[in-house]
Amino acid sequence: MRDPRYDILFEPTKIGPVMAKNRFYQVPHCNGGGYRDPSAAAAMRGSKAEGGWGVIFTEQCEMHHTSEITPFIELRLWEDKDIPMLRKMSETMKEHGALAGIQLAYSGVNGPNLYTKEVPLAVSAQPIRTFTNDPVQARALDKTDIRDLRRWFVNAAKRSKEAGFDLICLYGAHGFGIFQHFLSRATNHRTDEYGGSLENRARFVNEVVSDMRDAIGDTMGITLRVSLDETIGDLGFSNAEVREFVEMNRNLPDLWDLAQGTWEDCSGPSRFKEEAAQHDLVKGIHELTDRPIVGVGRFTSPDVMVKMINSGTLDFIGCARPSIADPFLPNKIDEGRIEDIRECIGCNICVTGDMTMSISRCTQNPTFMEEWRKGWHPERMNAKGVSSNALVIGAGPAGLEATRALAERGYEVALAEASRVLGGRVARERHLPGLSAWGRVADYREYQISQKANVESYFESALDAESILEFGFENICIATGASWRRDGVSRQHVVPFPTDDAMKIYTPDDLMGEVNPTGHIVIFDDDHYYMGGVIAELLIQKGCSVTLVTPAAYVSEWTLNTLEQHEIHRRLAQMGVKIELNRGVIAIGKDYIETNCVFTDLTQPIGCDAVVLVTSKLENNSVYNDLKVREAEWADSGIKTVKLIGDANAPGPIAWATYAGHRYARELDGDDIGDALPFRREVTELAID
Ligand code: ADP
Ligand code: SF4
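Now for a look at the structure at hand. (Residues numbered from 1 in each chain as written. Chains lettered and ligands numbered in written order. Predicted model: local features only at pLDDT ≥ 70, side-chain atom pairs only at ≥ 80, totals over all residues. Heavy atoms only, no water.)

Bringing the sheet that holds strand 27 (residues 610–614) into the picture now. In spatial order, the strands read 20-27-21-22-23; together these five strands make up an open sheet with parallel pairing. On the outer flanks of this sheet lie strand 20 (504–506) and strand 23 (578–580), each paired with one strand and no other. Geometrically, the sheet is characterised by an average inter-axis angle of 20° between neighbouring strands, direction not taken into account. With five bridges connecting them, strand 21 (residues 520–525) and strand 27 associate as parallel partners. Considered in strand 27, the bridge of valine 522 is made with valine 611. (Pairing = 2+ DSSP bridges. Helix = DSSP H or I, 4+ residues; strand = E, 2+ residues; numbered from the N terminus. Axes fitted to C-alpha atoms, helices over the stretch in contact; angles between N-to-C directions.)

What follows covers the site of ligand 1. Taken together, the neighbourhood of ligand 1 is formed by 22 residues, with Ala398, Glu417, Arg425, Leu463 and Asp647 sitting nearest. Measuring from an oxygen atom of ligand 1, one finds a backbone N or O atom of arginine 425 at 2.8 Å. Contact distances for ligand 1 include 2.7 Å between an oxygen atom and a backbone N or O atom of aspartate 647. Expressed as a share of its isolated accessible area of 590 Å², the protein-covered part of ligand 1 is 89%. (Near = heavy atom within 4 Å. Polar contact = N/O pair within 3.5 Å; in protein donor to acceptor, adjacent residues only side chain to side chain. Areas by Shrake-Rupley, 256 points an atom, 1.4 Å probe, with all protein chains shown as cover.)

Estimated volume of the second largest pocket: approximately 720 Å³. A class-by-class count of the residues in the lining of the second largest pocket yields nine nonpolar, one polar and seven charged. (1 Å grid on protein atoms, 1.4 Å probe; cavity = no way out; pocket = protein on both sides within 12 Å on 5 of 7 lines; lining within 4 Å. Points joined across faces, edges and corners; volume = space filled by probe spheres on them. Nonpolar A, V, L, I, M, F, W, Y, C, P; charged D, E, K, R; others polar.)

Moving on to the site of ligand 2. In the neighbourhood of ligand 2, 14 residues make up the surrounding shell, with Cys344, Cys347, Asn348, Cys350 and Cys362 lying closest. One can see that ligand 2 is located within the largest cavity. Sorting the residues of the shell around ligand 2 by element identifies helix 11 (321–325) and helix 13 (349–355) as the ones contributing at least two each. Looking at the shell around ligand 2, the element that brings in the most residues is helix 11, giving three residues. Class assignment of the residues belonging to the shell around ligand 2 gives a composition of eight nonpolar, four polar and two charged. (Sits in = over half its atoms within 2 Å of the grid points.)

A few words now on the environment of proline 269. Here proline 269 lies in the loop between helix 8 (263–266) and helix 9 (279–282). Separated by 166 residues in sequence, proline 269 and leucine 435 have C-alpha atoms that sit 9.8 Å apart. When residues no more than four places from it in sequence are discounted, the contact partners of proline 269 are Arg298, Arg321, Gly346, Asn348, Thr562 and Glu564. (Contact = heavy atoms within 4.5 Å.)

Quick look at the sheet that holds strand 29 (residues 641–644) now. Pairing is parallel in the open sheet, where five strands are placed in the order 17-16-15-18-29. Either end of the sheet is taken by a strand with one partner, and the two such strands are strand 17 (455–458) and strand 29. Across the sheet, the mean angle separating the axes of adjacent strands is 15° when strand polarity is ignored. Bridging between strand 15 (residues 389–393) and strand 18 (residues 475–478) involves four bridges; their strand directions are parallel. Across the sheet, the residue bridging to leucine 391 is isoleucine 476, located in strand 18.

Relative to the 20 Å expected for 14 residues at 1.5 Å per residue, helix 23 (residues 654–667) spans 20 Å between its end C-alpha atoms, a close match to the ideal helical length. Across the 14 residues of helix 23, eleven count as buried, placing the element largely inside the fold. The set of residues buried in helix 23 consists of Ile654, Ala655, Ala657, Thr658, Tyr659, Ala660, Gly661, His662, Tyr664, Ala665 and Arg666. On its buried face, helix 23 sits against helix 13, helix 14 (397–409), helix 15 (425–429), helix 16 (440–450), strand 18 and strand 29. After helix 23 finishes, the residue aspartate 669 shows a positive phi value of roughly 65°. (Expected span 1.5 Å × (residues − 1). Buried < 20%, exposed > 50% of the residue type's maximum accessible area, 1.4 Å probe, protein only.)

Going through the model one piece at a time under the given rule, you end up with three cavities of 30 Å³ or more. Size it by volume and the largest cavity reaches roughly 80 Å³. Considering the residues around the largest cavity, the lining is formed by 13 residues, among which Cys344, Ile345, Cys347, Cys362 and Thr363 are closest to the centre. When residues in the lining of the largest cavity are grouped by element, the largest group, three residues, is from helix 11. The class makeup of the residues in the lining of the largest cavity is eight nonpolar, four polar and one charged. Lining the second largest cavity, in full, are Ile345, Cys347, Ile349, Thr363, Arg425, Trp438, Tyr529, Tyr530, Pro653, Ile654 and Ala655. For the lining of the second largest cavity, the class distribution of residues is nine nonpolar, one polar and one charged. Both domain 1 (4–355) and domain 2 (389–481 + 620–667) contribute no fewer than three residues apiece to the lining of the second largest cavity. (Domains from an automatic or database assignment.)

In this fold, glutamate 207 is placed in helix 6 (residues 203–216). The class for glutamate 207 is buried, based on a relative accessible area of 16%. A polar atom in the side chain of glutamate 207 sits 2.8 Å from the side chain of tyrosine 194. Every residue in contact with glutamate 207, bar those within four places of it in the chain, is listed here: Ile146, Arg150 and Tyr194.

Closest axis-to-axis distance for the helix 1 (residues 38–50)/helix 2 (residues 83–94) pair is 7 Å, and the angle between their directions is 15°. Taken as axis vectors, helix 1 and helix 2 run roughly parallel relative to one another. Regarding helix 1 and helix 2, the two cross each other, and that crossing is right-handed. Contacts from Pro38, Ser39, Ala41, Ala42, Arg45, Gly46 and Ala49 in helix 1 reach Met85, Lys88, Met89, Thr92 and Met93 in helix 2. (Parallel < 35°, antiparallel > 145°, perpendicular 65-115°, else oblique. Left-handed = near helix turned anticlockwise from the far one by under 90°.)

Bringing the pattern of salt bridges into the picture now. Under the definition given, this model contains 49 salt bridges. For glutamate 11, the salt bridge identified is with arginine 23, shortest N-O distance 2.4 Å. Here glutamate 11 is found in the segment before strand 1 (13–15), whereas its partner arginine 23 is found in the loop between strand 2 (18–20) and strand 3 (24–26), with twelve residues between them in sequence. Among the residues examined, glutamate 11 registers a relative accessible area of 35% and is labelled partly exposed. (Salt bridge = Lys/Arg side-chain N within 4 Å of Asp/Glu carboxyl O.)

Evaluated as defined, the whole model comprises 23 aromatic pairs. Look at phenylalanine 10 and phenylalanine 24: their rings are 5.2 Å apart centre to centre, the planes differ by 55°, and that puts the pair in the tilted class. Residue phenylalanine 10 is found in the segment before strand 1, and its partner phenylalanine 24 is found in strand 3; the two are separated by 14 residues along the sequence. An aromatic cluster is defined as three or more aromatic residues linked by ring pairs; in this entry it consists of Phe72, Phe131, Tyr171, Phe176 and Trp263. Above the face of the tyrosine 659 ring, arginine 361 is positioned so that its terminal group lies 5.4 Å from the ring centre. Stacked on the ring of phenylalanine 679, the Lys or Arg arginine 373 has its end atom at 4.6 Å from the ring centre. (Phe/Tyr/Trp six-rings, centres within 6.5 Å; stacked < 30°, edge-to-face > 60°. Lys NZ or Arg CZ within 6 Å of the ring centre and 35° of its normal.)

Printed below as a string of structure tokens:
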């Protein structure tokens, strides 16, 4: 079944004293669940075990209470009490023969300790470096502290062993782990034997690895995760210095885990980073060490993976996001089912679960983090219920996912789409600058649906209530999407505001269609996700001059959560977009807009030839509403259920729509659960005083 050219990916490969069954290596990744939702996180890792990964890691695990990153929710290993939770995780990881790894993190200058209230300990005394600029400074570790920290690492290693792990990753990448803080001159200003020369800066990691080898090294593999380039200029741990460090410490860990730079670099979205983007930084490092190397690069193509191995660049294919989008990626390659791979689109919605301390979602894999909470398997649907068919109206992300998943369950499905293509908003948005990979949302589902004998797709079929009643399907799923508003109503304006009819006013829908504006265009972004910035790029490409006005303090503010806000600002600024932050729009005149400062309310006009309103969306729910009015006729038409889903129900990011489609398919013909909670959760056990 397997194409022999991929055989190399399935070779067992050694990591110190343990052997991985293949080269598929799920590198540590957050999931927004962590210590708060340990069973959900464990089941998520378990799905990867079932999907064929050879190595599976936890997210970062805070290994001592003197260093924690509240409000972000990761794992904790502070005392023996934490062991059962972690054991549950390692057990699910190992169910199908994978190696279970734990990533031990001491955050040092990254840990503000908002929860434990301990004074942060760092390599040098510095303000805490976090996403949130906490007004907290760290004290420099003295010699006693360093001795303590070495002992704490040994304690954590012993506990990790007791919790059933095979591998320990020492975190020193992304600017987040203490090993990097020692290695980098940006965070190591010491003048003792731990600072100064590279040899001195590498002393601490050498000591910890040696201590841990003595404690657990004969049974567990020790890996070291460092960034390939700190990307902060000469002062940082540059790629040249990383190479020097590896060469000097050739066989220090059992495996080198080479991340890219900052977390933003390493998890760069597809809008800014291609597959295998770190290739030049990692190339050639292999010659400096005898130990295996794992590297990342949003790998979804088995051919690219094979190239990485055959060229001697990597020994293991490191994946976080590709393993989230498709936990069964290795098995699909193994079984010769390349077309079935659900490729990551690089949107970073998964990251937002961590950044918003909620629980992660994935645009491509709606079951992510619902494996335990809802019992959703990433590849298998529940059995078909009592009814036999469904009509899905609208082939956007919600309708496509509902169709795919209903067909998987065994229903006869008719999919009616008003236009000539499948994909809905994705079919249009994939042509916007930087968003072509998002088309995979439609491509994956279009192919899956094409393989199903029980789905009929109808194009150019704009249905209305009358035709739906005539067809006589038992279940009607309405996924007719949403349209951008033309009246500017969103957050600044909850009701329409004055506009002059003489001014040309466009929405993103117009610009994704035939409209080609010219001259100076003002974009009013009161949506705050990606669309405002993307439209600015599009207009520059079309030769316009562009001013982007937003009441937020950042361009595309919510993309702080997808780790791309800084790239968006940089790209727009470099393209010549004029950016007006902290400004709203209070009126649109015939050849200008009137803006206001969100703090002082001082107004200022900006002359322009047209305005693009990127504000909010209106649900396309008229078909549903018409059908609802005629509820009395449903029974005669054979209709049992009618449901509105996705953007037509409440507009949101694409991930919300695929989730809605999946949920619809899962719950069709399900039991009425009344007022019960529709998912499982874990509640902290009350201490016995
Ligand atoms: P979502 O994100 O919820 O999936 P989209 O806007 O991406 O929503 O997709 C909605 C799809 O529904 C579009 O492709 C649109 O052409 C289609 N559509 C809208 N109204 C109708 C209708 N009455 N009949 C059939 N298709 C429709
Ligand atoms: Fe990839 Fe987006 Fe899914 Fe994250 S949420 S794994 S980036 S598709």
